[in-house]
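Overview (structure and organization)
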Amino acid sequence: MRDILIRNADVVVTMDATRRELAGADILLRGGVVAAVGQGLPADGAEVVEARGCVVTPGLVNTHHHLYQTLTRAVPGGQDALLFGWLKTLYPIWARFGPEEMFVSAQVGLAELALTGCSLSSDHLYLYPNGARLEDTIEAAATVGLRFHPTRGAMSIGESDGGLPPDSLVEREAAILEDMIRVVDAFHDSTEGSMVRVGLAPCSPFSVSRDLMREAALLARDKGVMLHTHLAENDEDIAYSLAKFGVRPGQYAEDLGWTGPDVWHAHCVKLDAGEIDLFARSRTGVAHCPCSNCRLGSGIAPVRAMRDAGVPVGLGVDGSASNDAGNLINEARQALLLQRVARGADAMSAREALEIATLGGAQVLGRGDCGALVPGKRADVAIWDISGIEAAGSWDAVAALVLCGPGRVRDLFVEGRRVVAGGQMVTVELPRIVERQTALARKLRD
Ligand SMILES: [Zn+2]
């Protein structure tokens with residue numbers, strides 16, 4: 001693979017230890033890593049990518065998604081409901097998915113993320129109808145070229161056992177654990193620069209048993225993989241935990257081994273002060289999904305308090321049935337706006353939002369090798385053209401990236417390989433994928 005020299009960027013946002021921003025700087029990518037950052041680097045035979053008029057950042061990191069949901073966007077009946085009602089509308093539709101739906105929807109979701117600057121995404125796939133498997137999404141990620149952290153999710157308590165999902169969408173717990181072992185053994189790569197890391201992710205405390213939560217935690221520790229689930233998403237969620245388990249979600253998580261630096265929870269909108277302290281002490285991560293929280297009316301996550309306490313926080317677009325856009329740079333803006341609604345105009349700066357979107361997410365996913373443009377880190381780089389109309393007239397290019405736009409990257413490199421060039425996908429034929437997705441959505445609807 002040829003070296004790449006990104007040259008003359010207006011600003012390079014390094015996210016290094018002192019958060020340096022370098023004006024008129026270059027970045028050399030070699031062998032999948034950042035080889036050098038600075039002014040006037042020699043080309044030495046490298047392919048030169050001109051970045052004048054651009055801000056260059058680490059690739060953004062998405063810590064929560066349900067890629068399959070790109071096939072159920074803006075579904076009538078699911079548009080205006082709270083979480084539990086929304087789920088009940090969508091479950092019967094998802095029950096008709098199969099391998100093709102999982103593969104195509106993952107390609108669409110990941111391409112959308114790539115175009116909005118994301119180089120590393122996790123995914124939470126917790127239903128496997130009609131022969132669907134985790135590898136349907138892993139294969140999709142390989143075609144798109146993103147670094148991918150799929151999680152083997154699960155639901156085991158159906159309606160007849162007092163759970164929320166229909167019985168047709170739940171699996172036996174023994175089969176779930178068996179498949180968790182299978183996918184970790186087959187696909188998890190723990191090495192530095194890894195393109196695929198598998199996590200274990202029972203869907204939520206209201207769709208699996210206490211036993212499965214505990215067993216999954218033990219299995220994750222045994223295999224050295226991470227744990228992920230939904231936690232404390234809204235008031236219904238807290239009420240369910242108190243009624244069913246007699247404890248708040250933080251206590252429930254702690255009792256079952258679901259705290260620690262190898263665990264991250266999605267949403268955490270309703271964490272109280274004690275739970276924030278627990279997460280900070282245990283270095284338990286949070287995937288903050290501001291647009292989804294707005295869309296489902298769940299509330300405003302206490303991100304300011306979490307960050308001040310030292311809780312690792314990353315951003316997530318969440319599934320496209322509850323967002324409905326998979327635009328990660330827009331989530332950074334929304335995170336900033338929501339904290340300001342709750343706490344005032346000085347509650348979060350544009351630079352802090354960008355930090356959460358990059359370095360913060362990498363920390364949450366346990367990727368010390370990603371999230372910063374520092375020699376030795378992986379060559380995951382987003383180039384944003386700020387010469388267009390969105391940022392025209394802005395005085396501070398870095399703040400403008402979050403506050404104004406553009407909402408899409410010009411170029412994206414993952415592991416030193418080009419995924420987006422000139423605002424277009426280069427790894428996949430996007431029009432064909434979109435056409436296939438549209439046909440699948442129409443089939444489901446009719
Ligand atoms: Zn979710």
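Parameters and conventions
- Residues numbered from 1 in each chain as written.
- Predicted model: local features only at pLDDT ≥ 70, side-chain atom pairs only at ≥ 80, totals over all residues.
- Heavy atoms only, no water.
- UniProt positions renumbered as here; feature names shortened; annotations may be inferred.
- Buried < 20%, exposed > 50% of the residue type's maximum accessible area, 1.4 Å probe, protein only.
- Helix = DSSP H or I, 4+ residues; strand = E, 2+ residues; numbered from the N terminus.
- Pairing = 2+ DSSP bridges.
- Salt bridge = Lys/Arg side-chain N within 4 Å of Asp/Glu carboxyl O.
- Donors = N, O, S within 2.8 Å, 3.2 Å for Na, K, Ca; no water.
- Tetrahedral: all angles 85-135°; square planar, octahedral: opposite > 155°, others 65-115°.
- Core = buried A, V, L, I, M, F, W, Y, C linked by side-chain atoms within 4.5 Å.
- Domains from an automatic or database assignment.
- Contact = heavy atoms within 4.5 Å.
- Phe/Tyr/Trp six-rings, centres within 6.5 Å; stacked < 30°, edge-to-face > 60°.
- Axes fitted to C-alpha atoms, helices over the stretch in contact; angles between N-to-C directions.
- Parallel < 35°, antiparallel > 145°, perpendicular 65-115°, else oblique.
- Left-handed = near helix turned anticlockwise from the far one by under 90°.
- Nonpolar A, V, L, I, M, F, W, Y, C, P; charged D, E, K, R; others polar.
- Buried area = accessible area lost by both parts, 1.4 Å probe.

Looking at an unreviewed UniProt entry, the chain carries the name 8-oxoguanine deaminase, with the source organism given as Pseudotabrizicola alkalilacus. The chain has a UniProt comment under Sequence similarities (unreviewed entry) that states "Belongs to the metallo-dependent hydrolases superfamily. ATZ/TRZ family."

**Here's the deal with the pairing of strand β1 (residues 4–13)**
Burial analysis of β1 places seven of its ten residues in the buried class, the great majority of the element. Examined bridge by bridge, β1 and strand β4 (residues 47–50) share four bridges and lie parallel to one another. Directly across from isoleucine 6, in β4, lies its bridge partner valine 49. The pairing of β1 with strand β2 (residues 21–30) spans seven bridges and is classified as antiparallel. Bridge pairing in β2 links valine 12 to leucine 22. Both β1 and strand β5 (residues 54–58) contribute to a ladder of two bridges, which runs parallel. Of the residues in β5, the one forming a bridge with valine 11 is valine 55.

**Remarks on the pattern of salt bridges**
Close approach of charged atoms lets side chains of opposite charge pair. The full count for this structure, using the stated rule, is 34 salt bridges. Salt-bridge contacts for arginine 182 lead to glutamate 135; the nearest nitrogen and oxygen are separated by 2.9 Å. Remark: glutamate 135 occurs in helix α3 (residues 134–144) and arginine 182 occurs in helix α4 (residues 173–187); sequence separation between them is 47 residues. Linking aspartate 235 and lysine 270 is a salt bridge whose minimum nitrogen-to-oxygen distance equals 3.3 Å. Residue aspartate 235 is found in helix α6 (residues 235–245), and its partner lysine 270 is found in the loop between β11 (263–267) and α8 (273–282); the two are separated by 35 residues along the sequence. Here the residues in one salt-bridge network are Arg19, Arg304, Arg307, Asp308, Glu352 and Glu355, joined through shared partners.

**A few points about the coordination of the zinc ion**
His64 (NE2), His66 (NE2), His230 (NE2) and Asp318 (OD) make up the full set of protein donors to the zinc ion, lying at 2.1 to 2.5 Å. Angles of 87 to 177° at the metal separate the four donor atoms of the zinc ion, which places the site in the irregular class. Along the chain, the residues that donate to the zinc ion are spaced as H-x1-H-x163-H-x87-D. Taken together, the residues histidine 230 in strand β10 (residues 226–231) and aspartate 318 in the loop between β13 (313–315) and α11 (328–343) connect sequence positions 88 residues apart.

**Some details on the UniProt feature "domain: Amidohydrolase-related" (unreviewed entry) in the chain**
According to UniProt, the "domain: Amidohydrolase-related" (unreviewed entry) feature falls on residues 55–418. The distance from the first to the last C-alpha atom of residues 55–418 is 17 Å, and the span holds 41% helix and 15% strand.

**Re the nonpolar core**
Most often, soluble globular proteins have nonpolar side chains that are buried together. Among the nonpolar cores identified, the biggest contains 125 residues, and Trp86, Trp94, Leu146, Trp258, Leu354, Leu412 and Met425 are the most heavily contacted of them. Counting residues per element, this core draws most heavily on helix α2 (residues 99–115), at ten residues. Of the residues that make up this core, three or more belong to each of domain 1 (4–58 + 372–424) and domain 2 (60–364). Ignoring anything within four residues of it in the chain, the contact list for leucine 412 reads Ala114, Gly117, Cys118, Ser119, Leu146, Val381, Ala382, Arg417, Arg418, Val419 and Val420. Among the nonpolar cores identified, the runner-up in size contains 18 residues, and Val12, Ile27, Leu29 and Ile383 belong to it.

**Thoughts on the packing of aromatic side chains**
Within this structure, the stated rule accounts for eight aromatic pairs. Here the aromatic rings of tyrosine 68 and tryptophan 94 are separated by 5.1 Å at their centres, their planes lie at 85°, and the arrangement is edge-to-face. Placement of tyrosine 68 in the loop between β6 (60–62) and α1 (83–94) and of tryptophan 94 in helix α1 is noted, with a sequence separation of 26 residues between them. With centroids separated by 6.0 Å and ring planes inclined at 75°, the aromatic side chains of tryptophan 86 and tryptophan 94 adopt a geometry described as edge-to-face.

**A look at the packing of α3 against α4**
Close contact between α3 and α4 brings their axes to 11 Å; oriented N to C, the two are set at 25°. By the angle class used here, α3 and α4 are roughly parallel. Judged by the twist between their axes, the crossing of α3 over α4 is right-handed. Facing α3, whose interface residues are Leu134, Glu135 and Ile138, α4 presents Arg182, Val183 and Phe187. A breakdown of the residues in the contact of α3 with α4 according to their chemical character gives four nonpolar, no polar and two charged.

**Here we look at the environment of glycine 32**
Looking at the secondary structure, you find glycine 32 in the loop between β2 and β3 (33–38). For glycine 32, a relative accessible area of 2% puts it in the buried group. Residues glycine 32 and leucine 218 lie 186 residues apart in sequence; the distance between their C-alpha atoms is 34 Å. What glycine 32 contacts, discounting residues up to four positions off in sequence, is Met1, Arg378, Ala379, Glu415 and Gly416.

**Comments concerning the domain arrangement of the chain**
In terms of domain boundaries, the chain breaks down into domain 1 (4–58 + 372–424) and domain 2 (60–364). Domain 1 puts 31 residues into the contact, and the matching count from domain 2 is 26 residues. Each partner contributes to the roughly 2,200 Å² buried at the junction of domain 1 and domain 2, and carbon and sulfur atoms together form 63% of this total. Between aspartate 396 and arginine 351 there is a salt bridge, with the nearest N and O atoms lying 3.0 Å from each other. Secondary-structure elements contributing two or more residues to the side of domain 1 that touches domain 2 are β5, β14 (381–385), α13 (397–403), β15 (411–414) and β16 (417–421). No other element matches α13, which puts five residues into the side of domain 1 that touches domain 2. The residue makeup of the side of domain 1 that touches domain 2, split by class, is 18 nonpolar, five polar and eight charged.

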